Amino acid sequence: MHKVIFDTDPGVDDAMALLFLHRHPEIDLLGVTTVFGNVGVDLTTRNAQFLHREWGISAPIAKGAAQTVDPSRRDDRAASVVHGADGLGNIGVPETVDWRLDPRPAHQFIIDTVRANPGEVTLVAVGRMTNLALALRADPEIAGLVKEVIVMGGAFDVIGNVTPAAEANIHGDPEAADIIFTTPWKVTIVGLDVTMKTIMTAEYLEVMVKSGDRSVKLLSDLSQYYIDFYKSRVGIAGMAVHDSTACVYLVRPDLFTLRGGAVRVVCGGIADGATIQAPDHGRKFTGSPWDGQPSQWVCTDVRSEEVLEVIRAGLVDGRHSVA
C-alpha cells in the first residue's frame, strides 16, 4: 500500500485525482491538505469538504496556505476561467459544507503524519507547493523521512500554460517550488511534457459514467466547464487530466520515461516560474546555480492511452464504490 498525503487546490482535475486516490486498491489516503491556487484557499478547502461528503472519503482535511511562501509576492493568475468561479465547474457547490477539518494547519499535518510514518509517506502535490515548503521550513528533518514527493507541475521541453515559460502550479509560487526541487529528497516531476499528451475526451468520460456510479456522474458534471475551456481556448477535444496523471505515476511508474538531473526554478523576470533541468548525462556546466543540487526526476514522455485506462479502472472499478 502506498501511504499518501494529497496536497491539492480543488480544482476540476484535482477532483478526479482525489477520487482516484480514494478508490485505488493500492493507495492508503492518509490525509488531504489544501492550498490556494485554482481558487482561494477558503474555496479549495470548501471544495475538498464537499467532495469528501459526496464521495464518502474519511481521510482528514487540513487547511493550508492562503498566500505564497514569500509574502511580498502575489499570485494574480485567477484560474476561474479554467475551473469556474467556484473551482468545481460552477455546479452549485454550497457556500458552506458541514464537514470537520483537522485543527492543524496543513504544514503541521504533513510534519506530524510523516513523523508518525517514517520512510512510508509519499507526498503527492498537485497545486502550489507552498504547504510543503512551509513544512520544510518548520522541520527540515522531515526531508529524510519522506518516501517520495510526486509533483504535478513544470514545463521542461514544452511551452508553459500561463506564460510561454511557465506552468501554473510553479508560476503561482516559484520560490516554494525551488525549495522543493533543491531539497535532498526524492522528487518526481510530472509536468506539461506528459500531461498535455494525456487527454480524456468527453466521449471517454461519458462511457465511464455509463459503467460507473453516482460518484463518477458527479465527476462528469463538474468536468463539463473544464472540457468547454479546453475546446474553446486551447483547441483540444477533451481535457488534460494533469493531476490524475501524476497520481498514476505513483502506481504505474513504468508508463513514464524519466530524465534525471538538478532542477531550478526561475524566480522573477520575464521567465518567472520557468523550470530548468541540468541533465545528469550530456553536456556539463560549472559555476551555475545547478551545481551541487540534488538530482531529481522529470517525466519526459508517457504511454498516455495506458494512463487513461489506469484512471478509468481506478474510478470505475475501485474498491470504494458508492451506490
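Residues numbered from 1 in each chain as written. Predicted model: local features only at pLDDT ≥ 70, side-chain atom pairs only at ≥ 80, totals over all residues. Heavy atoms only, no water.

Engineer: What's the story with the packing of aromatic side chains in this structure? I'm lost.
Structural biologist: Ring pairs (aromatic) are described by centroid distance and by the angle formed between their planes. Applying the stated criterion to the full structure yields 3 aromatic pairs. Judged by centre distance (5.1 Å) and plane angle (85°), the rings of Tyr226 and Tyr230 are edge-to-face. With a gap of 4 residues between them, Tyr226 and Tyr230 both fall in helix 10 (residues 214–234), about one helical turn apart. Between the aromatic rings of Tyr249 and Phe256, the centroid separation amounts to 5.4 Å while the plane-to-plane angle is 75°, which identifies the pairing as edge-to-face. (Phe/Tyr/Trp six-rings, centres within 6.5 Å; stacked < 30°, edge-to-face > 60°. Helix = DSSP H or I, 4+ residues; strand = E, 2+ residues; numbered from the N terminus.)

Engineer: Any chance you could explain the nonpolar core here in plain terms?
Structural biologist: Judged by nonpolar contacts, the single largest core of 63 residues is most densely connected at Phe6 and Phe256. When residues no more than four places from it in sequence are discounted, the contact partners of Phe256 are Val190, Val194, Thr245, Val248, Tyr249, Cys299, Asp301, Val302 and Val307. Among the nonpolar cores identified, the runner-up in size contains 34 residues, and Leu30, Ala62, Val114 and Leu123 belong to it. (Core = buried A, V, L, I, M, F, W, Y, C linked by side-chain atoms within 4.5 Å. Buried < 20%, exposed > 50% of the residue type's maximum accessible area, 1.4 Å probe, protein only. Contact = heavy atoms within 4.5 Å.)

Engineer: Help me out: how do you make sense of the pattern of salt bridges in this one?
Structural biologist: A side chain of one charge can pair with a side chain of the opposite charge if their charged atoms are brought near each other. Enumeration over the complete set of coordinates arrives at 19 salt bridges. The partner of Arg264 in a salt bridge is Asp178, with the nearest N and O atoms 2.8 Å apart. Separated by 86 residues along the polypeptide, Arg264 in strand 9 (residues 256–265) and Asp178 in helix 7 (residues 174–181) bring together distant segments of the chain. The exposure class of Arg264 is buried, given its relative accessible area of 19%. Classification of Asp178 by relative accessible area gives buried; the value is 11%. (Salt bridge = Lys/Arg side-chain N within 4 Å of Asp/Glu carboxyl O.)

Engineer: Where do I start with the side chain of Ser304 in this structure?
Structural biologist: Mapped onto the elements of the fold, Ser304 is located in helix 12 (residues 304–316). Of the residues examined, Ser304 reaches a relative accessible area of 16% and is grouped as buried. Within polar-contact distance, the side chain of Ser304 engages the backbone oxygen of Lys197 at 3.3 Å. (Polar contact = N/O pair within 3.5 Å; in protein donor to acceptor, adjacent residues only side chain to side chain.)

Engineer: Explanation requested: the packing of helix 1 (residues 12–23) against helix 11 (residues 242–251) in the structure shown.
Structural biologist: When two helices pack together, you describe them by how their axes are tilted relative to each other and by the distance separating the axes. Their axes nearest at 7 Å, the elements helix 1 and helix 11 cross at an angle of 25°. One way to sum up the angle between helix 1 and helix 11 is to call them roughly parallel. On helix 11, the residues that touch Asp13, Asp14, Met16, Ala17, Phe20 and Leu21 of helix 1 are His242, Asp243, Ser244, Cys247, Val248, Leu250 and Val251. Here the residues of the contact of helix 1 with helix 11 are counted per class, giving 8 nonpolar, 2 polar and 3 charged. (Axes fitted to C-alpha atoms, helices over the stretch in contact; angles between N-to-C directions. Parallel < 35°, antiparallel > 145°, perpendicular 65-115°, else oblique. Nonpolar A, V, L, I, M, F, W, Y, C, P; charged D, E, K, R; others polar.)

Engineer: What exactly am I supposed to notice about the pairing of strand 5 (residues 148–152) here?
Structural biologist: Remember that side chains alternate between the two faces of the sheet whenever the strand is regular. The buried fraction of strand 5 is high, at 5 of 5 residues. Along strand 5, one buried face is formed by Glu148, Ile150 and Met152 and the opposite face, lined by Val149 and Val151, is buried too. As paired elements, strand 4 (residues 121–125) and strand 5 share 4 bridges and run parallel to each other. Residue Ala125 lies in a different strand from strand 5, and its bridge partner there is Val151. As judged from the 4 bridges shared by strand 5 and strand 6 (residues 187–190), these two strands associate in the parallel manner. (Pairing = 2+ DSSP bridges.)

Engineer: What is the right way to look at the layout of surface pockets in this model?
Structural biologist: Where empty space is left in the structure can be found by rolling a water-sized probe over the atoms. By volume, the largest pocket is sized at about 530 Å³. Forming the walls of the largest pocket are 29 residues, and the residues nearest its centre are Val82, Asn161, Val162, Ala168 and Tyr230. Those elements giving two or more residues to the lining of the largest pocket turn out to be helix 1, helix 3 (80–83), helix 6 (168–171), helix 10 and helix 11. Looking at which element gives the most residues to the lining of the largest pocket, the answer is helix 10, with 4 residues. Grouping the amino acids of the lining of the largest pocket by side-chain chemistry returns 16 nonpolar, 6 polar and 7 charged. The computed volume of the second largest pocket comes to approximately 230 Å³. Elements that contribute at least two residues to the lining of the second largest pocket include exactly strand 9 and strand 10 (275–279). (1 Å grid on protein atoms, 1.4 Å probe; cavity = no way out; pocket = protein on both sides within 12 Å on 5 of 7 lines; lining within 4 Å. Points joined across faces, edges and corners; volume = space filled by probe spheres on them.)

Engineer: Before we go on, may I ask you to explain the environment of Asn131 in this structure?
Structural biologist: Take Asn131: it is sitting in helix 5 (residues 130–138). Linking Asn131 and Asp301, residues 170 residues apart in sequence, is a C-alpha distance of 28 Å. One polar contact links Asn131 to Asp7, side chain to side chain, over a distance of 2.9 Å. In terms of polar contacts, Asn131 uses its side chain to reach the backbone amide nitrogen of Ala65, at 2.9 Å.

Engineer: Would you explain the environment of Met129 in this entry?
Structural biologist: Mapped onto the elements of the fold, Met129 is located in the loop between strand 4 and helix 5. On the accessibility criterion, Met129 (1% relative accessible area) is buried. C-alpha separation for the pair Met129 and Ala176, spaced 47 residues apart in sequence, amounts to 5.6 Å. Setting aside its immediate chain neighbours within four residues, Met129 contacts Val151, Ile170, Ala176, Ala177, Ile180 and Phe181.

Engineer: How should I be thinking about the pairing of strand 9 in this particular structure?
Structural biologist: For strand 9, a buried count of 7 out of 10 residues is recorded, marking the element as mostly surrounded by other parts of the structure. When strand 9 meets strand 10, the two strands line up antiparallel, connected through 5 bridges. In the strand pairing of strand 10, Val265 is matched with Thr275.

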